[in-house]
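Chains, contacts and geometry: an overview
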Amino acid sequence: MAVLLNPPGETPPAEGSIGEAHEERPDGGVWEHPAVWIGLIVLGALLVAGFFVARVFGLA
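Conventions adopted
- Residues numbered from 1 in each chain as written.
- Predicted model: local features only at pLDDT ≥ 70, side-chain atom pairs only at ≥ 80, totals over all residues.
- Heavy atoms only, no water.
- Helix = DSSP H or I, 4+ residues; strand = E, 2+ residues; numbered from the N terminus.
- Buried < 20%, exposed > 50% of the residue type's maximum accessible area, 1.4 Å probe, protein only.
- Areas by Shrake-Rupley, 256 points an atom, 1.4 Å probe, with all protein chains shown as cover.
- UniProt positions renumbered as here; feature names shortened; annotations may be inferred.
- Phe/Tyr/Trp six-rings, centres within 6.5 Å; stacked < 30°, edge-to-face > 60°.
- Patch = residues over 30% accessible without salt bridge, like charges linked within 9 Å, V, L, I, M, F, W, Y side chains within 5 Å.
- Salt bridge = Lys/Arg side-chain N within 4 Å of Asp/Glu carboxyl O.

What follows deals with the overall build of the protein. Looking only at helices and strands, one finds one helix and zero strands in the protein. A buried classification covers 2% of the 60 residues belonging to the protein. Accessible surface, the protein: about 6100 Å² in total, of which carbon and sulfur atoms supply 68%.

The positions that UniProt labels "transmembrane region" (unreviewed entry) are, in the present scheme, residues 35-57. With 96% helix and 0% strand, the stretch residues 35-57 has end C-alpha atoms that lie 32 Å from each other.

Applying the stated criterion across every chain yields a total of one aromatic pair. Between F51 and F52, the ring centres sit 5.4 Å apart and the planes meet at 75°, which makes this aromatic pair edge-to-face. With relative accessibility at 40%, the residue F51 sits in the partly exposed group.

All right, on to a nonpolar patch on the surface then. Where nonpolar side chains cluster on the molecular surface, the patch consists of W31, V36, W37, L40, L43 and L47 and spans about 700 Å² of accessible area. Tracing the backbone through its elements, the reader meets L47 in helix α1 (residues 34-56). L47 sits in the exposed class, given a relative accessible area of 59%.

Below, the structure written as structure tokens:
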């Protein structure tokens, strides 16, 4: 049977490792919700398309 050098559940030290616990990244604000931006883009595209459809039928 293998001899464990480190207790179970602990990460063994790596030679030359400079790793540390990472810091929590700050809140991304509006960039955390890309669906809002996609929704605005789609709404704008539908408005522009609607304008041209209205022009085809002589409504604008």
